[in-house]
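What the coordinates show
One letter stands for each residue in the lines below.
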Amino acid sequence: MNPPIIETKDVWKIYGSNGVAVEAVRGIDLAVQAGEFCALVGPSGSGKSSLLHLLGAMDTPSRGEVIFAGRLLAQLSDAQRTDLRAREIGFIFQTFNLLPMLTVWENVEIALRLGGVPLAERKQRASALLAQVGLQERARHLPSSLSGGERQRVAIARALANRPRLLLADEPTGNLDSQNGTDIMKMLRVIAEGGQTVVMVTHDFRAASYADRVILLRDGRLRGETHLEGAPDMQQTVERLFQLGL
Amino acid sequence: MLIDLALKYIWRRRGRALLTIFAVAVMVQLHILANSVLSTYRQDIQRQLAAFAGKVLVQRLPEDTPEGAASGNFVNAHSSLDLATADALLDLPGLDAQASSAVLLAPLARSPMPDTTPALLLVGITPGRETAYLGVFQSAAGALTLPDAHSAILGAGAAEHFAAQPGAQITLLGQAFTVAGVLEAAPSLFNNAVLIPLETAQALLGREETVSAVILTAAQVEDMPGLQAQLAAQYPALQAATNEEMLRSAGTLMSQLDSLSSAITATAVGVGVVIIMIVVVQAVLEQRREIGTLRAIGAHHWRIYSLVLSEALVQSLLGAVLALPIAVLILRLAVGWDKFTTLLPTWLESIGLAALIGVLASLLPAWQAVHINPLEALRYE
């Protein structure tokens, strides 16, 4: 078996506020294999997003280890973690987080620029990525003129720009209607089937049903996990999660 | 670099950016104006003193004249020598008689700047000894000699003032004079001069028995120290100044001008930095989420710094570019000055100054920006 692309060992995240310690993540052990589509589900405050931030090198654990492709993140400098985010980890946010002053094409191109891709290649790749998400006709538009679904597709194109080894999605359907949510999940499914590792945080069981593995979190702890097979089936996903104690 | 993004951010806040650019332009033009005018003044003093090389200016100033004024200010309206003393001075041995003369000086028009050469200066001088005053400067048109009692030699600036060329008639204090010649462009003391015969000037000014000063030129340069010693021994009540002494005295004035210039520049830089810093700090606060996003998707600290620096630099440099036309406009409207080419060196220096303003102004907002936690970008609205 190949080593996991991302792994946590007894990882904790404790936030301190006004002298009160909040344990957002409590001793989670997790390993995600390359090419796996993994969904982290759980109620609000279960630690899903905190765990995702730790996996994405955007935050550092209070205790424990996060290992990305064999590298211990705690041993990396801020600049090295930034490089990691630029080249090897792609992010998709619930609120899209596109740069409003840049056009659709520029929003994708800037990720390539941060990844150190030469100009000529950037031009070609940005256009190809927009074609991949079906937005080549909207390349010159500003994000404000796009629908929520279109914005999230731009965010996916941006996240895929540097061909990252790991794609992290935080509630990617949270701000979308049902149809757009389904379209985005189908897109993520296709990306995962192409060999890309995807870790998604969601509280939407329909979205979670597109994953290969669903991991249940509650109160900062990992409560269980289930492997899904076949076509996305929300009913099956909910039943499995109830069996885990949702 | 993210300069394209910086330009878009500036465009988004274009109203505020325009005001900022204008404010910087006002600050920078203050530097341009002050330094250009002071620099022109400084060069003029130096050229005048250089033109006075090898000469001794003898004056008698009132007792309450401040120390240094005798040598530091060539044209002193309060100096007065009786004719007998002037004649005695001109009879001293070892003089170049053709280049020595009594002179009567009177301002005909004030300068816009205090304590500078008058805009028009009447110079009464003995005909045939015009070189005592004009020195090495050459004629631009006509002759630099006064052929009769009602002839005049004009400096280039004075000729422009009267719009007169050789042969033309001009009126001075109600009397007509014929222009004999026009001097080439020279420092203001010569440029603004109107030379007429000494006796005519005395009659015109009602000072038949006195002159303002005597200009003495040694026949040999090596005779200068002896001439000075003789003057000091025989005429202790008179102030005799060579150009070296005047240079020394002018050095004090120039040092004060330099201090004034530095103070104005420091003020311009300080105010410019504060203005841009306020605007860029505000911009960083507004762009917090976007900067957080950039950090989240892999923008290094230096890229964020370059973004903030670009915003500050673009505004400060555009301010410096705009400062030149403002300075030109102010000079033309306020004092009718048209020596605009003299502004260029200071303006070019101002571009560097504006870059310094931009860099200094970006330090605090850049520090704030690079310390934005990428998790900011994930906070849902």
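Predicted model, so just to flag it, every value in this text is computed and none were measured.

About the thresholds
Residues numbered from 1 in each chain as written. Chains lettered and ligands numbered in written order. Predicted model: local features only at pLDDT ≥ 70, side-chain atom pairs only at ≥ 80, totals over all residues. Heavy atoms only, no water. Buried < 20%, exposed > 50% of the residue type's maximum accessible area, 1.4 Å probe, protein only. Helix = DSSP H or I, 4+ residues; strand = E, 2+ residues; numbered from the N terminus. Pairing = 2+ DSSP bridges. pLDDT = per-residue confidence, 0-100. Contact = heavy atoms within 4.5 Å. Core = buried A, V, L, I, M, F, W, Y, C linked by side-chain atoms within 4.5 Å. Axes fitted to C-alpha atoms, helices over the stretch in contact; angles between N-to-C directions. Polar contact = N/O pair within 3.5 Å; in protein donor to acceptor, adjacent residues only side chain to side chain.

On any regular strand, side chains alternate: one points to one face of the sheet, the next to the other face. Residues and elements named next belong to chain B. A large share of strand S4 (residues 120-125) lies buried, amounting to six of its six residues. Alternating residues of S4 divide into Leu120, Leu122 and Gly124 and Leu121, Val123 and Ile125, and every residue in both groups is buried. When strand S3 (residues 101-109) meets S4, the two strands line up antiparallel, connected through six bridges. Pairing of Val103 across the sheet is with Ile125, part of S4. Pairing of S4 with strand S9 (residues 193-197) involves five bridges; the strand directions are parallel. Within S9, the position partnered with Gly124 by the bridge is Ile196.

In this section: helix H11 (residues 288-296) of chain B. All names here are of chain B. For H11, a buried count of seven out of nine residues is recorded, marking the element as mostly surrounded by other parts of the structure. Restricting attention to buried positions, one finds in H11 the residues Glu290, Ile291, Gly292, Thr293, Leu294, Arg295 and Ala296. Once H11 ends, the next one or two residues include Gly298, with phi positive near 110°.

Residues and elements named next belong to chain A. Pairing in this open sheet of four strands is antiparallel, and the strands run S2-S1-S4-S5 from one edge to the other. The open sheet has two free edges, formed respectively by strand S2 (20-32) and strand S5 (71-72), since each of these has just one partner strand. Sheet analysis places strand S4 (residues 63-68) next to S5, joined by two bridges and oriented antiparallel. Bridging across to S5, Ile67 finds its partner in Leu72.

The predicted coordinates should not be examined in detail at positions where pLDDT is low. Residue and element names in this part refer to chain B. Within chain B, residue pLDDT values average 86, and 92% of them lie at 70 or more. Mean pLDDT values for the elements of chain B range from 44 in helix H3 (residues 69-72) up to 96 in strand S6 (residues 151-154). Across residues 68-72, where pLDDT falls below 50, the model places eleven contacts with residues more than four positions away in sequence or in other chains.

Moving on: the nonpolar core. Ranked by internal contacts, the top residues of the largest apolar core, which has 77 residues, are A:Leu51, A:Val199, B:Leu5 and B:Leu294. In terms of residue count, helix H12 (residues 301-335) of chain B provides more of this core than any other element does, ten residues in total. If near-sequence neighbours (up to four positions away) are discounted, B:Leu294 is found in contact with A:Leu99, A:Ile110, A:Leu114, B:Leu2, B:Leu5, B:Ala299, B:Ile304 and B:Leu307. If you look at the next biggest cluster of nonpolar residues, it comprises 44 residues, including A:Val41, A:Val133, A:Ala161 and A:Ile191.

This next bit is on the sheet that holds strand S6 (residues 89-92) of chain A. Residue and element names in this part refer to chain A. In spatial order, the strands read S6-S7-S8-S3-S9-S10; together these six strands make up an open sheet with mixed pairing. Since the sheet does not close on itself, it has two edges, and those belong to S6 and strand S10 (221-227), each with one partner. Averaged over all pairs of adjacent strands, the angle between their axes in this sheet comes to 20°, without regard to strand direction. Contacting strand S3 (37-41), S6, strand S7 (166-170), strand S8 (197-202) and strand S9 (213-218), helix H1 (residues 48-55) runs over the sheet at an angle of about 155° to S7.

Glancing now at the side chain of A:Thr173. All names here are of chain A. Inspection of the secondary structure assignment puts Thr173 in the loop between S7 and helix H6 (178-193). Residue Thr173 is classed as buried on the basis of its relative accessible area of 7%. In terms of polar contacts, Thr173 uses its side chain to reach the side chain of Asp204, at 3.5 Å. Not counting the four nearest positions on each side in its chain, Thr173 is found in contact with Gly181, Met185, Asp204 and Ala207.

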